[in-house]
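# Geometric and topological summary
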Amino acid sequence: MSYAHIPDTISEAAKELLQLFGDPASRDPFPAPDDLPAWDAKYEDIESDHEAVNQAAEAQYRPIVEPMRLGDIPVLDIQPRGWRDDGRLIVYTHGGGYTVHSAQSTLLISAPLAHDTGLRVISVDYTVAPRGKWRQVTSEVISVIEALQARKLRNLVGWTQARVPYHAERLRQAGVTAEDIRSLDDLGPVPTVTKQELRDEQAASPPFGRFAVAPRSSWREVHPSTGTTGQAVKTLWSAADVEAIADMTARTMWQAGVRPSDVVQNGFAYGLWVAGL
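So, a few notes on the structure that sits alongside this text. What you see is a predicted model; the values in this text were computed from it and never measured.

## Focus on the overall build of the protein
Within the protein, the secondary structure is distributed over eight helices and six strands. Mapped from its N terminus to its C terminus, the protein presents α and β elements in the order α-α-α-β-β-β-α-β-α-α-α-β-β-α. Taken over the C-alpha trace, the protein has a radius of gyration of 25 Å; the compact-globule value for 277 residues is 19 Å, which it surpasses by more than 25%. Taking the principal axes of its C-alpha atoms as reference, the protein extends roughly 75 × 55 × 35 Å. Per-residue burial for the protein yields a buried fraction of 29% across its 277 residues. Accessible surface for the protein amounts to roughly 17,400 Å². Of this, 54% is attributable to carbon and sulfur atoms. Across the protein, the mean location of the 27 positive side-chain charges is 10 Å away from that of the 36 negative side-chain charges.

What follows is the structure, encoded as structure tokens:
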């Protein structure tokens, strides 16, 4: 019988999963902080104790679980069934008070997390205490995040080279390729673009320049800049842009206290988003 209360409102599968939990009060006390061999043994015991419940979670949710290294740190790459990469993911630092458990022994949490959100989960196998001190653990997690950022940046540069003529030309002139991007420190040679250069490009290749990235069939709105410092720059919004901007505007206004029954007067001559909300 599980030590935890199992409510009647949850599914039978969830009830079966909770039945596998043991009572933590019945476990042996933890070792002294400086007894590293005892901590290693304790760690292995807890990993073994959680093997059945994690196997049950993996069997129930059936994610694709792939061990890999990011920033030279071991992680588990957990992908839910039917996952399609849209660029979003969750970086998960497992529980256990930073002293016990691993990415493998917390699949009980990360597998349903991936399943319920539909997102890829990167579970970081950081060095647990007392062998891993706080600064080391923090550095390991940051290394994973920076490796993911570098990978996304490298993919973005490669995508831009293949699909956006204006930026592809700028990258070629700067001698930068996607393969050159190995970390965030490699951003230096990537060329920046000024507002005047955007104006010049739209004048040379009217009406929108060669930096429109969404396919023409997805274009929904055109928003010019205010033109207060020169010729206005026209910005295209795709259907996805309109949806994302509406969502972010709603979230921002909600944070400011606006509710569905309120009336908001927009004092600008253009949308709140263009105004710099």
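## Some remarks on the environment of Val 65
Relative to the assigned elements, Val 65 resides in strand β1 (residues 64-70). Measuring from C-alpha to C-alpha, the distance between Val 65 and Trp 39 comes to 27 Å, with 26 residues separating the pair along the chain. Excluding its chain neighbours within four sequence positions, the residues that come into contact with Val 65 are Glu 58, Leu 76, Asp 77, Ile 78 and Leu 107.

## Thoughts on the packing of aromatic side chains
Here the structure, examined in full by the defined rule, presents five aromatic pairs. Residues Phe 30 and Trp 39 carry aromatic rings whose centres are separated by 5.5 Å and whose planes lie at 15° to one another, so their mutual orientation is stacked. Here the aromatic rings of Phe 208 and Trp 219 are separated by 5.5 Å at their centres, their planes lie at 80°, and the arrangement is edge-to-face. Remark: Trp 219 occurs in strand β5 (residues 219-224) and Phe 208 occurs in the loop between α7 (195-204) and β5; sequence separation between them is eleven residues. Under the relative-accessibility criterion, Trp 219 is labelled partly exposed at 21%.

## Concerning the pairing of strand β4 (residues 120-124)
Most of β4 is tucked away: five of the five residues are buried. Because side chains alternate across β4, one face comprises the buried residues Arg 120, Ile 122 and Val 124, and the other comprises Val 121 and Ser 123, equally buried. Alignment of strand β2 (residues 73-79) against β4, held across four bridges, turns out to be antiparallel. If you follow Ile 78 over to β4, its bridge partner there is Val 121.

## Side note on a nonpolar patch on the surface
Taken together, Leu 156, Trp 159 and Val 213 make up a surface patch of nonpolar side chains, about 270 Å² in accessible area. For Val 213, the location among the structural elements is in the loop between α7 and β5.

## What to know about the layout of surface pockets
Considering only enclosed or pocket space, the largest pocket measures out at about 300 Å³ in volume. Taken together, 16 residues make up the lining of the largest pocket; nearest its centre are Phe 21, Arg 27, His 50, His 101 and Leu 108. By residue class, the composition of the lining of the largest pocket is seven nonpolar, seven polar and two charged.

Calculation criteria
Residues numbered from 1 in each chain as written. Predicted model: local features only at pLDDT ≥ 70, side-chain atom pairs only at ≥ 80, totals over all residues. Heavy atoms only, no water. Helix = DSSP H or I, 4+ residues; strand = E, 2+ residues; numbered from the N terminus. Rg over C-alpha atoms; globule rule 2.2 N^0.38 Å. Buried < 20%, exposed > 50% of the residue type's maximum accessible area, 1.4 Å probe, protein only. Areas by Shrake-Rupley, 256 points an atom, 1.4 Å probe, with all protein chains shown as cover. Lys, Arg positive; Asp, Glu negative; His and termini not counted. Charge placed at Lys NZ, Arg CZ, Asp CG, Glu CD. Contact = heavy atoms within 4.5 Å. Phe/Tyr/Trp six-rings, centres within 6.5 Å; stacked < 30°, edge-to-face > 60°. Pairing = 2+ DSSP bridges. Patch = residues over 30% accessible without salt bridge, like charges linked within 9 Å, V, L, I, M, F, W, Y side chains within 5 Å. Salt bridge = Lys/Arg side-chain N within 4 Å of Asp/Glu carboxyl O. 1 Å grid on protein atoms, 1.4 Å probe; cavity = no way out; pocket = protein on both sides within 12 Å on 5 of 7 lines; lining within 4 Å. Points joined across faces, edges and corners; volume = space filled by probe spheres on them. Nonpolar A, V, L, I, M, F, W, Y, C, P; charged D, E, K, R; others polar.

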